[in-house]
Amino acid sequence: MSAGELSDVPADAEHGESAAPATEEPAAPASTCSCLDAEAPNGRAVAEVLLDSALPQLDHLFDYAVPEELAGELRVGQRVRVPFRNQQRKAFGYVIGFAETSSFGGELSPIADIVSPVPQLTPEVWRLARAVADRAGGSAGDILRLAIPGRQVRVEKQHLAAAGTPPEASAHAPAEPLDADSAAIAARLVTGERLALTATHSPERLSTGEWVGAWAIRLAHVAMAVHAAGKSAIVVLPDYRDQDQLQSALAALGAADVLRVDARQSNAERYGSFLQALDGVARIIIGNRSAVYAPAHELGAILIWDDGDPVLAEPLAPYVHARDAALVRAEQSGAGLFFAAHARSAEVERLTLIGYVQDQVNPPRRTRVIHADQSIAPDAFAGRVPDFAAKTIREGLRTGPVLVQVATPGYAPVSVCGDCGDLARCTACGGPIGFRTAGTAACRWCGQHAGGWACAGCGGNRLAERGMGSARTVEQFERQFRGFRVLLSDGDHPRERVDARPAIVVATRGAEPLAAGGYRAVVLLDAERLLSLENLRAGEDCLRWWENAAALAAPDGVCLMASGGGPVVQAFVTGRIDEWLHSELRDRQALRYPPAVRVASVTGGSAQVDRALAALRTPDTLAGVEVLGPTPVAASDPAARGAKLVRAIVRFEYARGSDVAKRLRGALVSDAAGASSRQKGRAPGRAVPEALRLRFDDRGVFDG
DNA sequence: AGCACGCCGACT
DNA sequence: GTCGGCGTGCTC
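Only a predicted model underlies this, so the values are computations on that prediction, with no experimental measurement involved. Residue indices begin from 1 for each chain and proceed along its sequence in written order. To label them, take the chains in the order written and letter them from A, then take the ligands in the order written and number them from 1. Restriction of local features to residues with pLDDT of at least 70 applies here, the model being predicted, together with a cutoff of 80 or more for giving and counting side-chain atom pairs; totals for whole chains, interfaces and linings are based on all residues. Hydrogens are left out, water is left out, and the side-chain values use all remaining heavy atoms of the structure.

Visitor: Describe the side chain of Glu540, naming the residues involved and giving the relevant values.
Guide: Here a strand is any run of E in DSSP of at least two residues, a helix any run of H or I of at least four, and the numbering for each starts at the N terminus. Within the fold, Glu540 resides in helix H13 (residues 538-550). Here a polar contact means two N or O atoms within 3.5 Å. Within protein one must be a hydrogen donor candidate and the other an acceptor candidate, and residues neighboring in sequence count only if both atoms are side-chain atoms. Side-chain polar atoms of Glu540 contact the side chain of Arg537, separated by 2.9 Å. With near-sequence residues (within four places) excluded, Glu540 lies in contact with Ser345, Ala346, Glu347, Trp580, Leu581 and Arg588. Contacts were defined at the residue level, with two residues in contact if any of their heavy atoms lie within 4.5 Å.

Below, the structure is given as structure tokens:
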């Protein structure tokens, strides 16, 4: 691997007029908000507009005439309404730039009206959206939908009215001095450096009395030091529980100018924060994966917490991971990039190996981890856990809460025939039957209730529970540890915090509550079950789940790996995660698996996919690009929806990324152009030919 | 998407 | 001769 493998990150966008200076603009009246500052036409007659459309063939700029009566108001970045297809039908779009003349042959239609005086799309965000969409084979409009919240007239009026009043002093002195390490990191970030940090374990107490993970305090210090340098910081965090912790840490430190962008906010709140970000004041913007597109003023750094969490991958086309968007943005804007986590992702490990990201080597404090290896010292089972684990739990309960991490939610993941012992299969779809709660069994694939189930082998109709879900674990612990509170936290009933009193907290991975003062003990069960998940990245995921759980222990608490063995468990127990990741990455390099290489999946009708793959060979065959398949997509696959589809997987070196994306995107555009006719021409009753679908860097593309 | 353009078979 | 079938392609 070489540093050149990131050369696919575009240095510049083709479209857009961001280069034109805004200096010729007349001085704005004193009462207008600085969020209105943007380039005006200044006599130029043509406006370049990106239309709001999901259609790939419309994903380019359209020229419109600047009407006399709008010339004074119109600005780059404004949302406008324009005639499209005919003078009656109108479409929405964004003004991307102005020009003297148009290269379009026909007569230009005029812009119909301006939706809002606020230029919502800054040149920087436009450049980012264009580059990110190009890299992912998608439309810029799809990125802008994530980047720009829906307009709220009331919020906007309020914002513009308040703009006359002088902004509050933005150079707030922090309530506590920033720690020297964080200040040093921030100083490097604002010069454009890219750093990776493994965070310290255990919760810490804020001056407000609230407990948060030590990582949150570290990120708060770094973000505040970036802000103190007069720059904005964007902090991307996977979920609202992480965002809450960071927000608490920032508040306790007296941070000013903090904005929050997350999925739980109303659109009005989101639009309000968005307008403040646009305001020309440096901010600390914290939020979910979409926050990476926030219109930050003077962006100094993007901070990403726990980038291995799958929720940072956008589920909507073009499926761009926040990490990738951040890489492009940092490259384009010269901002720094900070990856922090308890367990590094394979992607960040790759970036450190090629020297693109610098490793912060100072070893963090880590919870003491012990391993009860059943294969070395077989132990007696009196209930759900081996005796050694039960002893650890009892010891912890003497002084505080104990966390027990389990693999599966629900009651019992598996059921078997009570008579012959065969695995119970759903009578409708053949899927495995599990118990969601005690006594109610249903198919884990189709959800059908297993009320009238009969065994296909012996005809018996008694279902027996096998395996231990979180609910059944709670039941067993209530029996085994009488007199103690047993609390449950899982995906359906997440619990954000627990107090410092003794209690057993049973949680599924990722749903562990934060304990005041930290857990006395963290017990990790079901390692072999988690590692056996049919997932190429099971090892990496397990290390992340385990490290995040271990980080919830008190500084003098203990983490017990209660079972399992093998290299991944060893890496966790000995704390040599980076070494394991390193060798894993070498293996993937040899096997050509991501993230050592990139992948794209191409799905559609057989002829469509063939045409798309042909584009990879014309006009010349791209070196470093390999095609697997196409293979039929199983009819049961939700992607198929009854139609007969095939899928090919394209593997390529990072340096080939822009070529591959450009060519596959070209095939998609010509396919879409012909799609309407195919649709119309289809015989009645025949399945609708699905559109060609393109997906880059799909994490699960090689999973069964 | 949705609509106009355009090029071959059956018709008042 | 022309009406209209639907494949093709464009939308500033």
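Visitor: Break down the side chain of Asn288 for me, with residues and values.
Guide: With respect to the secondary-structure elements, Asn288 resides in the loop between strand S11 (284-287) and strand S12 (299-305). Sequence-distant contacts of Asn288, that is, excluding residues within four places in its chain, are made with Val236, Leu237, Gln243, Val261, Asp262 and Ala263.

Visitor: Describe the pairing of strand S30 (residues 693-696), and please don't skip the residues or the numbers.
Guide: Along a regular strand, successive side chains alternate from one face of the sheet to the other. Of the two faces of S30, the one lined by Leu694 and Phe696 is fully buried and the one lined by Arg693 and Arg695 carries no buried residue. With 4 bridges connecting them, strand S27 (residues 598-604) and S30 associate as antiparallel partners. Bridged to Thr603 within S30 is Arg693. The rule is simple: take the accessible area with a 1.4 Å probe, protein chains only, and divide by the maximum for that residue type; under 20% is buried, over 50% is exposed, in between is partly exposed. One bridge is not enough; two strands pair if DSSP finds at least two bridges between them.

Visitor: Describe the UniProt feature "domain: Primosomal protein N' 3' DNA-binding" (unreviewed entry) in chain A, with residues and values.
Guide: The residues that UniProt annotates with the feature "domain: Primosomal protein N' 3' DNA-binding" (unreviewed entry) are residues 48-149. Between the first and last C-alpha atoms of residues 48-149 the distance is 22 Å; the span itself is 22% helix and 30% strand. UniProt positions are given in the numbering used here, feature names are shortened, and annotations may be inferred rather than shown by experiment.

Visitor: Can you explain the sheet that holds strand S1 (residues 46-51)? Please cite residues and give values.
Guide: The strand order S2-S1-S4-S3-S5 describes an open sheet built from 5 strands, whose pairing is antiparallel. What marks the edges here is a single partner per strand, and that holds for strand S2 (61-65) and strand S5 (113-114). In the sheet, S1 pairs with strand S4 (residues 86-99) via 6 bridges, with the strands oriented antiparallel. Bridge pairing links Val49 to Val95 in S4.

Visitor: I'd love a proper account of the domain arrangement of chain A, names of residues and values included.
Guide: One widely used convention gives an interface's size as the accessible area the parts lose upon coming together. What marks off one domain from the next here is an automatic or database domain assignment. Segmentation of chain A into domains returns domain 1 (3-121), domain 2 (170-353), domain 3 (368-589) and domain 4 (598-696). Each of domain 2 and domain 3 was reduced to a C-alpha centroid, and the two centroids are 31 Å apart. Facing the 24 residues of domain 2 at the interface are 30 residues of domain 3. Buried area: the sum, over both parts, of the accessible surface (1.4 Å probe) that disappears when the two are put together. Each partner contributes to the roughly 2,200 Å² buried at the junction of domain 2 and domain 3, and carbon and sulfur atoms together form 53% of this total. The working definition used for a salt bridge is a side-chain nitrogen of Lys or Arg within 4 Å of a carboxyl oxygen of Asp or Glu. Connecting domain 2 to domain 3 are 4 salt bridges. Here Arg344 and Asp578 are joined by a salt bridge, their closest N and O atoms 3.9 Å apart. Here domain 2 and domain 3 share 14 residue pairs in polar contact (both at pLDDT 80 or more) between them. Of the residues forming the side of domain 2 that touches domain 3, the biggest block, 5 residues, is contributed by helix H9 (residues 346-353). Lys, Arg, Asp and Glu make up the charged group, whereas Ala, Val, Leu, Ile, Met, Phe, Trp, Tyr, Cys and Pro make up the nonpolar group; the residues left over, Gly among them, are polar. When grouped by side-chain class, the residues that make up the side of domain 2 that touches domain 3 number 8 nonpolar, 7 polar and 9 charged.

Visitor: Explain helix H1 (residues 123-136) to me, using residue names and the numbers behind them.
Guide: Spanning 14 residues, H1 covers 20 Å between terminal C-alpha atoms, matching the ideal 20 Å at 1.5 Å per step. Within H1, 11 of the 14 residues are buried, leaving the element largely enclosed by the surrounding structure. For H1, every residue scored as buried is listed here: Val125, Trp126, Arg127, Leu128, Ala129, Arg130, Ala131, Val132, Ala133, Arg135 and Ala136. Phi for Gly137, located one or two positions after H1, is positive at around 65 degrees. Under the convention used throughout, the expected extent of a helix is 1.5 Å for every residue step, that is, one less than its residue count.

Visitor: Which residues make up the pattern of salt bridges, and what values go with them?
Guide: Taken as a whole and assessed by the stated rule, the structure comprises 47 salt bridges. Among the ionic pairs, Glu124 bridges to Arg329, the shortest N-O distance being 3.1 Å. Here Glu124 is found in helix H1, whereas its partner Arg329 is found in helix H8 (residues 322-333), with 205 residues between them in sequence. Residue class for Arg329 comes out buried when judged on its relative accessible area of 1%. A salt bridge links Arg283 to Asp257; its shortest N-O distance comes to 3.4 Å. With Arg283 in the loop between helix H7 (267-278) and S11 and Asp257 in the loop between helix H6 (240-252) and strand S10 (258-261), this pair connects stretches of sequence that are 26 residues apart. Residue Arg283 shares its accessibility class with Asp257, and that shared class is buried.

Visitor: Requested: an account of the environment of Ala516, with residues and values cited.
Guide: Of note, Ala516 is situated in the loop between strand S24 (514-515) and strand S25 (519-524). On the basis of relative accessibility, which here comes to 23%, the residue Ala516 falls in the partly exposed class. Aside from chain neighbours lying at most four places away, what touches Ala516 is Trp211, Val498, Asp499 and Ala500.

Visitor: Could you give an account of the packing of helix H5 (residues 214-228) against H6, with specific residues and numbers?
Guide: Between two packed helices, the angle of one axis relative to the other and the distance separating the axes together describe the packing. A fitted line through C-alpha atoms represents every axis, and for helices the fit uses only the stretch in contact; the resulting angles, taken between N-to-C directions, go from 0 to 180 degrees. At their nearest, the axes of H5 and H6 sit 8 Å apart, and the two run at 60 degrees to each other. Here H6 runs oblique to H5, going by the angle between their axes. Read as a crossing pair, H5 and H6 show a hand that is right-handed. Residues Trp215, Ala216, Ile217, Leu219, Ala220 and Met224 of H5 touch H6, and the partners they reach there are Asp242, Gln245, Leu246, Ala249 and Leu250. Grouping the amino acids of the contact of H5 with H6 by side-chain chemistry returns 9 nonpolar, 1 polar and 1 charged. Should an angle lie under 35 degrees it is considered roughly parallel, over 145 roughly antiparallel, and from 65 to 115 roughly perpendicular; all remaining angles are considered oblique. The crossing is said to be left-handed when, going from far helix to near helix, the turn is anticlockwise and less than a right angle, and right-handed when the turn is clockwise.

Visitor: If you had to explain the packing of aromatic side chains to someone new, which residues and values would you point to?
Guide: Aromatic ring pairs are reported here in terms of the distance separating the ring centres and the angle at which the planes meet. Stacked, tilted and edge-to-face are the three classes applied to pairs of Phe, Tyr and Trp rings, where Trp contributes its six-membered ring and a pair requires centres within 6.5 Å; stacked means planes under 30 degrees apart, edge-to-face means over 60, and tilted covers the rest. All told, the structure shown has 7 aromatic pairs when counted by the stated rule. Geometrically, the ring pair formed by Phe477 and Phe481 is edge-to-face, given 5.5 Å between the ring centres and 75 degrees between the ring planes. One exposure class covers both Phe477 and Phe481, and it is buried. Summarising the aromatic geometry, the rings of Tyr593 and Phe702 are spaced 4.8 Å apart at their centres and angled 75 degrees between planes, so their arrangement reads as edge-to-face. Here Tyr593 is found in the loop between helix H15 (577-591) and S27, whereas its partner Phe702 is found in the segment after S30, with 109 residues between them in sequence.

Visitor: Which residues make up empty space enclosed by the protein, and what values go with them?
Guide: The method works on a 1 Å grid over the protein atoms by themselves. A cavity is a set of points holding a 1.4 Å probe that cannot get out, a pocket is an open set with protein on both sides within 12 Å along at least five of seven lines, and residues with an atom within 4 Å of a point line them. Grid points are joined across faces, edges and corners, and a volume is the space filled by probe spheres set on the points. Counted according to the given criterion, the structure contains 2 cavities of 30 Å³ or more. Among the secondary structure elements, those contributing two or more residues to the lining of the largest cavity are strand S6 (194-198) and strand S13 (336-341). Here the lining of the largest cavity is built from residues that sort into 7 nonpolar, 2 polar and 2 charged. Empty space within the second largest cavity amounts to approximately 30 Å³. Leu146, Arg289, Ser290, Tyr293, Leu312, Glu314, Val320, His321 and Ala322 together form the lining of the second largest cavity.

Visitor: So what's going on with the sheet that holds strand S29 (residues 646-652)? Residues and values would help.
Guide: Pairing in this open sheet of 4 strands is antiparallel, and the strands run S28-S29-S27-S30 from one edge to the other. Every interior strand has two partners, whereas the edge strands, strand S28 (625-632) and S30, have only one. The mean inter-strand angle of the sheet, taken between neighbouring strand axes irrespective of direction, is 15 degrees.

Visitor: Explain H7 to me, using residue names and the numbers behind them.
Guide: Between its terminal C-alpha atoms H7 stretches 16 Å, which fits the 16 Å expected from 12 residues at 1.5 Å a residue. Inspection of H7 places Tyr271, Gly272, Ser273, Phe274, Leu275, Ala277 and Leu278 among the buried residues, and these make up the whole buried set. Buried-residue contacts for H7 involve helix H2 (140-147), helix H3 (153-162), S10 and S11. Gly280 lies just past H7 and shows a positive phi near 85 degrees.

Visitor: Outline the packing of H13 against H15, listing residues and values.
Guide: Here H13 crosses H15 at 165 degrees, and the two axes come no closer than 11 Å. Judged on the interaxial angle alone, H15 and H13 are roughly antiparallel. In the packing of H13 onto H15, the handedness of the crossing is left-handed. Of H15, the residues touching H13 (which contributes Gly539, Glu540, Leu543 and Glu547) are Ile577, Trp580, Leu581 and Arg588. Residue composition of the contact of H13 with H15, by class: 4 nonpolar, 1 polar and 3 charged.

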